[in-house]
Amino acid sequence: MAELLVPLVFLVLLAGLLYAAVRLTLKSFGNVATAIAQAKQPAPAAPAPAPARKRGLTPSAQPLTQADRDLVSQIMDGMLAQLAHEEDMVAARGTEACAVRLVPQVPIRNAANPRSWLGGGARLPAGMAWPRMDGVDACVLAQISLADLPADVWDGLGPRTGWLLLLAHPDSWNVRVQHLPTADVYHAPPRPVGPAYCWSQSEPRAGQIAHLPRLWPQWPVVPVAVRPGDPDPYVEGSFEGQHSRYKAGYDLREAGLHPFDWTSLLALCDVLEAWMADMWKPVDPEQPSPLAEQLRKSKARLADPDLSMGDRQRIEQNIAFLPTLIAATDAARLANDESRARAEEIIAIVRETHAAGEPFSANDAAAVVDALGAIEWVRVMRDDNHGAAQVRTLRLPLTRHDMDATSWVYAYDQRHADLAKRTYCADPASLPAPQRAHYEPRWQAQARHEMPSMGHVPFGYVHDFDPATDVTLIEIPTGHLVDWMFGDCYHLVVTMKKADLAAGHWDKVLVQISN
């Protein structure tokens, strides 16, 4: 069996190479039929393989069986079918009689009584309990007023009364769709969203703060019909402003990033405290530091008589450099210990003031941020980008985000934005003017890239979709506006057979993640 495995694996790999070649051929010849014809041309004779070094399994001269050949043929047929399907989807995009974009409102005009929205809670018929999935409370992806959809979306199929409620399991990408005849009583979400959907997976320190559960804001949306030739509010591609800002750096002393209530101010204290505890751990003076241990091991390696000249030279250079790095690191540790003590004094004052029942003060919050900004912390790095190793020392205000010395600031910035969105969506007037001025332009830009769509051919590739028989109920991009993530930052696509939509078989939706 092992002898047959190597030639079989070789043919499977060859099939993968042919698949890549066919994709390149598509760019040159324009359609799958031409690509298939090209792929079936006899291949040129391969050069004789170089002698292989023995690594476990060795090639066998035993010929492949017909079953092996059938397997490779099936793989190739499947790859070519995928290419044909992808080309059909590309050709069909933009030809829909009517598509709908669910455009998030920025500024929000009717937060108290929206007609349609993303995230947040649900407005349910009187007497209906909160929906559950697999024994747990579901989360709301969207609630859409069907009366506000154009008559010709979904080829005119489906109801135009009531509400479409899209629910998600809080810990997976399972989705359920319900048609509600009425929307009488509003219910707030009973539980936070699980980690499957959350950007907080990339913010572990912020994510560990128990009193900051991850909740999707309830963002009102307006359905906008898009027909061939109409201007389209949707912009394909990811919003890059967040990444550009991360690279450029910023400071929490900007007025728009100041805490705006007790929740955001206490979050600042918690995120900073968690980062300091993780970053500046106590040092045992009786134990050698990691750098000192590295120096000891480097000196011991020089006794090895089998070291090459190059290895010996690199070790000697490292031995000469490490004492300088150790001295800089020790000095930074002392400075950072002092910075931590000053920051902990400020955190204690904030918590004592809150515990005493004092009302929140924007001026006091600004003073807290300014006091933290007056504290410097030190980051020491080894820089090998200029020939010989050098010590690079950065001295930064505690409130400054720098891509080369990431700290607590970025994690808190994400929490600040999360809290600002929830406050804004509940009541835009309750978010102070500096924070609105900071966030609204960003939210408008994010909305252009992250608005859901309905009734269109999916923007990304999905395996099961035929424009002749299927409709897209909704496609939701990954995005920071609501702070949800689908798969590896792709789109959540919910489709349905036209016949099932016409019959109201809402239990027959298909959920896919595009790529």
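The preceding data block contains the structure.
Residues numbered from 1 in each chain as written. Predicted model: local features only at pLDDT ≥ 70, side-chain atom pairs only at ≥ 80, totals over all residues. Heavy atoms only, no water.

Novice: Would you explain the packing of aromatic side chains in this entry?
Specialist: How two aromatic rings sit relative to each other is set out by the distance from centre to centre and by the angle between their planes. The tally for this structure, following the rule as stated, stands at 13 aromatic pairs. Between W219 and W443, the ring centres sit 5.4 Å apart and the planes meet at 85 degrees, which makes this aromatic pair edge-to-face. Of this pair, W219 sits in strand β10 (residues 219-226) while W443 sits in helix α11 (residues 433-450); the two residues are 224 residues apart in sequence, bridging distant segments of the chain. Across the pair, W443 and W219 agree in class, each one buried. Arranged with centres 6.0 Å apart and planes meeting at 75 degrees, the rings of W262 and F360 form a pair that is edge-to-face. Taken together, the residues span a long stretch of sequence, with W262 in helix α6 (residues 262-279) and F360 in the loop between α8 (309-355) and α9 (362-373) at a distance of 98 residues. Take F360: its relative accessible area is 25%, and that puts it in the partly exposed class. Through a chain of ring-to-ring contacts, three or more aromatic side chains come together here, namely W219, Y424, Y439 and W443. Residue placement shows R245 over the ring face of Y250; its charged tip is 3.8 Å from the ring centre. (Phe/Tyr/Trp six-rings, centres within 6.5 Å; stacked < 30°, edge-to-face > 60°. Helix = DSSP H or I, 4+ residues; strand = E, 2+ residues; numbered from the N terminus. Buried < 20%, exposed > 50% of the residue type's maximum accessible area, 1.4 Å probe, protein only. Lys NZ or Arg CZ within 6 Å of the ring centre and 35° of its normal.)

Novice: Can you walk me through the nonpolar core in this structure?
Specialist: The tendency in soluble globular proteins is for nonpolar side chains to be buried side by side. Residues W219, L272, W275, L372, L398, W408 and W443 are the most contacted members of the largest nonpolar core, which totals 48 residues. With 10 residues, the top contributor of residues to this core is α6. Ignoring anything within four residues of it in the chain, the contact list for L372 reads L268, L272, A343, I346, L398 and T399. Membership of the second largest hydrophobic core comes to 34 residues, among which are C98, L102, I144 and L501. (Core = buried A, V, L, I, M, F, W, Y, C linked by side-chain atoms within 4.5 Å. Contact = heavy atoms within 4.5 Å.)

Novice: Got a minute to help me understand the packing of helix α7 (residues 290-301) against α8 in this structure?
Specialist: Any two packed helices are characterised by the angle at which their axes cross and by the distance between the axes. α8 packs onto α7 with a crossing angle of 165 degrees between their chain directions and a minimal axis gap of 10 Å. Classified by the angle their axes make, α7 and α8 are roughly antiparallel. The chirality of how α7 crosses α8 is left-handed. Residue-level inspection shows L291, A292, Q294, L295, S298, K299 and R301 of α7 in contact with α8, the latter providing I315, N318, I319, L322, P323, L325, I326 and T329. By residue class, the composition of the contact of α7 with α8 is nine nonpolar, four polar and two charged. (Axes fitted to C-alpha atoms, helices over the stretch in contact; angles between N-to-C directions. Parallel < 35°, antiparallel > 145°, perpendicular 65-115°, else oblique. Left-handed = near helix turned anticlockwise from the far one by under 90°. Nonpolar A, V, L, I, M, F, W, Y, C, P; charged D, E, K, R; others polar.)

Novice: Just checking my understanding: could you explain the pattern of salt bridges for this structure?
Specialist: Pairing of side chains with opposite charge becomes possible as their charged atoms draw close. Using the criterion set out here, one finds 19 salt bridges in the structure. Across the salt bridge formed by E273 and R351, the nearest N and O atoms sit 2.9 Å from each other. Of the two residues, E273 sits in helix α6 while R351 sits in helix α8, which places them 78 residues apart along the sequence. Residue E273 is classed as partly exposed on the basis of its relative accessible area, which comes to 35%. Each of D270, E273 and R351 takes part in a single network of salt bridges with overlapping partners. (Salt bridge = Lys/Arg side-chain N within 4 Å of Asp/Glu carboxyl O.)

Novice: Can you help me understand the packing of α6 against α9 in this one?
Specialist: In contact at an axis separation of 11 Å, α6 and α9 are set at 20 degrees when each is read in the N-to-C sense. By the angle class used here, α6 and α9 are roughly parallel. The chirality of how α6 crosses α9 is left-handed. Every residue of α9 that contacts α6 at L265, L268 and L272 is listed here: A365, V368, V369 and L372. Residues of the contact of α6 with α9, tallied by class, amount to seven nonpolar, no polar and no charged.

Novice: Could you clarify how one ought to interpret the side chain of S298 in this entry?
Specialist: Summarising the element assignment, S298 is placed in helix α7. Classification of S298 as buried rests on a relative accessible area of 10%. Among the polar contacts made by the side chain of S298, one reaches the main-chain carbonyl oxygen of Q294 at a distance of 2.9 Å. (Polar contact = N/O pair within 3.5 Å; in protein donor to acceptor, adjacent residues only side chain to side chain.)

Novice: Would you mind showing me how to read the side chain of Q435 here?
Specialist: Mapped onto the elements of the fold, Q435 is located in helix α11. Classification of Q435 by relative accessible area gives buried; the value is 3%. A polar contact of 3.4 Å, which involves the side chain of Q435, links it to the backbone oxygen of A255. When near neighbours in sequence (up to four residues on either side) are disregarded, Q435 contacts A255, G256, H258, P259, F260 and H416.

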